[in-house]
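# Chains, contacts and geometry: an overview
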Amino acid sequence: MRIAMIGSGYVGLVSGACFADFGHEVVCVDLDAGKIAALERGEIPIFEPGLDRLVADNASAGRLRFTTDLAPAVAQADVVFIAVGTPSRRGDGHADLSYVHAAAAAIAGAVEGFTVVVTKSTVPVGTGDDVERIIAETNPRADVAVVSNPEFLREGAAIEDFKRPDRIVVGLEDERARDVMTEVYRPLYLNQAPLLFTGRRTAELIKYAGNAFLAMKITFINEIADLCEKTGANVQDVARGIGLDKRIGPKFLNAGPGYGGSCFPKDTLALVKTGQDYDSPLRLVETTVAVNDQRKRAMGRRVVAALGGSVRGRTVAILGLTFKPNTDDMREAPSIAIIQALRDAGARVRAYDPEGMSAARALMEGVDYADNAYAAAEGADCLVLVTEWNQFRSLDLKRLRAAMATPLFIDLRNVYRRREVEAAGFTYHSIGRPG
Ligand code: UGA
C-alpha cells in the first residue's frame, strides 16, 4: 500500500514508521520545513524509545520518506492518514479542529483516483462527517471513503503498542474501505489482533470513552488512596485485591499525583463538552476532570504540610518533571502544579529529569535545574519523587541523605518501601500507605 501521513508529530511519525516497517510505502508530510529537514537528516524531534532506529532502518530501505509537499504524496497514495494535532481550544475546552479541517481541504485538492482518507487524530464524534463534507465541497469529483481509525498509543511504549495492540478500531460508512484497511493492518491482523469494524461515529467515540474510562480508573484509585491514608489501609493492596477481579483488571490502578499528559486531560475535557453539546451530560467524567485538577494542586500542599506548614526559604528537590517516564513531554505534568504551589509558598525549587529538562526550562522560570538526582538533593530540605523514571527506582538513599539538609522523602509514586527509606535515615511519606 502507498500511504501518505499528514502530520509528522508524535502520532504521525510513530504510525508512519510502523506502517513502513510493515512493508508499506510511506510518505510523512508536514508543513514545518525545519522538522522535515531534520527528519531527512535522521534527527527525531521527540524522545520515544526505539523510534530513531525504526525511522533510520525504514528510511534507508526506501520505504519511509519525508516531505513538505502534500499534493504529490496524496495524489500517489491509496490511503491518506490525517494525524495532525487537535489541541484544546482556548477558553472552552472543545477540541480545536482547524488543523484537521485544513488537512481535509488540502487532501481534497490533491487526491487522484479512489482514496481512503483516515482520521487518526483524536477527534470528536461527527468529525468524520465534517471531513467528508469538506472534501466534497472542495472537490466534488474526489472519490474518497472517510474512515475513523483512532490510535491507542502510550507515549514511551508507542512502538510496542502499535505492533502489539489490544485491538484495532476501524469506523467506516463506505464498504470499499474495509478491504483497504484490512490490507493496511495485514501483519497485525495475521497475528490475530482483533480488528473491530464499527460505524464511523462509534469509532470516534470509542477513543474518547476509552481514555475517559482510564482517567476515571486512575482518579478512583487516587481517591481510595486518600481514604487509605485516613483509615490506615494500604492502597497498593486494595488495588491488587480489586484488580484480581477480572471484571476490574489490575492495570491503571497505581495511585499517584494525578494523571497528566497530552491525552487524558484534553480528551476528558473534550468529551465533557460533547456531552454538554448533545444535552447528554457525562457527570462521572466531569467529576474526574475536577478531582484530578484539584489533586495536582493538593500535592504541592502535601509537601508544604510535610515540611511543617511553611516552606519559605526552604529548598525542595524535585525528581522527575515529565508527566510520566520515558518521554520528554511536559504537557499537563503534575510537576508543573506542584512546583507552582511550592514557589507560591516561598520555596526554592531544584529539579532534575532525565529527558524533560529542556521542555521544563522553556515552561518554568525561577527553578534551579540540576544535572542529576544527587545534585538536586544537595542541601535540600525535602526530596519529592514526582515521576517514576527507572533511574529513580534504585537511588543510593544513603548518599542522598548525606547530601540533604533535612531528611524528608516524599514518594508520590510509591516506588520505595518505607523500611528501606527509613533505614537510610529519612522521614518517608508516600501515597495511600500507612505510617
Ligand atoms: C494515553 C492512553 O494510555 C493511550 O492508550 C492513548 O492512546 C493515549 O493516551 C492517547 O490518547 O493518545 P499516555 O497519555 O501516553 O497514553 O500515557 P498513560 O500511560 O496512559 O499515562 C497517562 C497519565 O496517567 C500519566 O500521567 C500517568 O502517570 C498516569 N497514570 C497512569 C497513573 O497515575 N496511574 C496509573 O495507574 C496509570
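What counts and what doesn't
- Residues numbered from 1 in each chain as written.
- Predicted model: local features only at pLDDT ≥ 70, side-chain atom pairs only at ≥ 80, totals over all residues.
- Helix = DSSP H or I, 4+ residues; strand = E, 2+ residues; numbered from the N terminus.
- Rg over C-alpha atoms; globule rule 2.2 N^0.38 Å.
- Buried ≥ 20, exposed ≤ 12 C-beta atoms within 10 Å, placed from the backbone.
- Contact = placed C-beta atoms within 7 Å.
- Pairing = 2+ DSSP bridges.
- Right-handed = clockwise from strand over helix to strand, strands pointing away.
- Domains from an automatic or database assignment.
- Near = placed C-beta within 6 Å.
- Nonpolar A, V, L, I, M, F, W, Y, C, P; charged D, E, K, R; others polar.
- Axes fitted to C-alpha atoms, helices over the stretch in contact; angles between N-to-C directions.
- Parallel < 35°, antiparallel > 145°, perpendicular 65-115°, else oblique.
- Left-handed = near helix turned anticlockwise from the far one by under 90°.
- Core = buried A, V, L, I, M, F, W, Y, C linked by C-beta atoms within 7 Å.
- Arc of directions from axis to C-beta.

Quick look at the overall build of the protein now. Of regular secondary structure, the protein possesses 18 helices and 14 strands. In terms of C-alpha radius of gyration, the protein reaches 23 Å, essentially the compact-globule figure of 22 Å for 435 residues. When each of the 435 residues of the protein is scored for burial, the buried share is 48%. Residue pairs in contact within the protein that sit at least 24 positions apart in sequence constitute 72% of those at least 6 positions apart.

What follows covers the pairing of strand E13 (residues 408-411). Of the two faces of E13, the one carrying Leu408 and Ile410 and the one carrying Phe409 and Asp411 are both buried. Relative to E13, strand E12 (residues 382-385) is paired through three bridges, and the arrangement is parallel. Considered in E13, the bridge of leucine 383 is made with phenylalanine 409. Each parallel crossover has a hand, and for E12 linked through helix H17 (residues 397-403) to E13 it is right-handed. Regarding topology, helix H18 (residues 418-423) serves as the crossover connection from E13 to the parallel strand E14 (residues 427-429), and that connection is right-handed.

What follows covers the domain arrangement of the protein. For the protein, the assigned domains are domain 1 (2-198) and domain 2 (199-435). Listed by partner, the interface residues are 28 residues for domain 1 and 24 residues for domain 2. Of all elements in the fold, only helix H6 (127-138), strand E6 (144-148) and strand E7 (168-172) reach the threshold of two or more residues within the side of domain 1 that touches domain 2. Looking at the side of domain 1 that touches domain 2, the element that brings in the most residues is E7, giving four residues.

Our focus in this paragraph is the site of the ligand. Inspection of the region around the ligand gives 21 residues, with Glu155, Asn254, Tyr259, Gly261 and Cys263 positioned closest. Every element with two or more residues in the shell around the ligand is listed here: helix H10 (200-231) and helix H12 (264-277). In terms of residue count, H10 provides more of the shell around the ligand than any other element does, three residues in total. Taken together, the residues that form the shell around the ligand break down as 10 nonpolar, six polar and five charged.

Quick look at the packing of H10 against H12 now. The geometry of H10 relative to H12 is characterised by a closest axis approach of 9 Å and an angle of 115° between their N-to-C directions. It follows from the interaxial angle that H10 and H12 lie roughly perpendicular. Here the hand of the crossing between H10 and H12 comes out left-handed. Mapping the contact onto sequence places Tyr208, Asn211, Ala212 and Ala215 in H10 and Phe264, Asp267, Thr268, Ala270 and Leu271 in H12.

Before going further, it helps to spend a moment on the sheet that holds strand E4 (residues 79-82). In spatial order, the strands read E3-E2-E1-E4-E5-E6-E7-E8; together these eight strands make up an open sheet with mixed pairing. Strands with a single pairing partner mark the edges of an open sheet, and in this sheet they are strand E3 (64-67) and strand E8 (195-198). Adjacent strand axes in the sheet meet at a mean angle of 25° when their direction is disregarded. With respect to the sheet, helix H1 (residues 10-21) is in contact with strand E1 (2-6), strand E2 (25-29), E3 and E4, its orientation differing from that of E2 by roughly 165°. Relative to E6, helix H8 (residues 176-184) is tilted by about 60°, and along the sheet it contacts E4, strand E5 (115-119), E6, E7 and E8.

Let's shift gears to the nonpolar core. Grouped together as the largest cluster of nonpolar side chains are 78 residues, with contacts concentrated most on Ala4, Met5, Ile6, Val80, Ile107 and Val117. There are two domains that each give this core at least three residues, and those are domain 1 (2-198) and domain 2 (199-435). Ignoring anything within four residues of it in the chain, the contact list for isoleucine 107 reads Ile6, Val74, Val80, Val117 and Ile135. By size, the runner-up hydrophobic cluster in this structure holds 55 residues, among which are Val311, Ile338, Val384 and Leu408.

The next subject is the packing of helix H13 (residues 283-306) against helix H14 (residues 334-344). At a minimum axis separation of 8 Å, H13 and H14 run at an interaxial angle of 45°. Judged by the angle between their axes, H13 and H14 are oblique. As H13 runs across H14, the sense of the crossing is right-handed. Every residue of H14 that contacts H13 at Lys296, Arg297, Met299, Gly300, Arg301 and Val303 is listed here: Pro334, Ala337, Ile338, Gln340, Ala341 and Leu342. Per-class residue counts for the contact of H13 with H14 are seven nonpolar, two polar and three charged.

Moving on, we come to the pairing of E2. Counting buried residues along E2, four of its five residues qualify, which places the element largely inside the surrounding structure. By the bridge criterion, five bridges tie E1 to E2 in an arrangement that is parallel. Bridging across to E2, arginine 2 finds its partner in glutamate 25. Between the parallel elements E1 and E2, the chain passes through H1 in a crossover that is right-handed. Of the strand pairs in this sheet, E2 and E3 are connected by four bridges, and their pairing is parallel. If you follow cysteine 28 over to E3, its bridge partner there is phenylalanine 66.

This next bit is on helix H5 (residues 98-108). Taken together, the buried positions of H5 are occupied by Val100, Ala103, Ala104, Ile107 and Ala108. Projected down its long axis, H5 shows its buried positions confined to an angular sector of 135°, all on one face. For H5, the elements touching its buried residues are E1, helix H4 (70-75), E4, E5 and H6.

Within the secondary structure layout, glycine 256 lies in the loop between helix H11 (235-243) and H12. With 42 residues separating them in the primary sequence, glycine 256 and leucine 214 have C-alpha atoms 14 Å apart. Once residues within four sequence positions are removed from consideration, glycine 256 is found in contact with Asn222, Leu412, Arg413 and Ile431.

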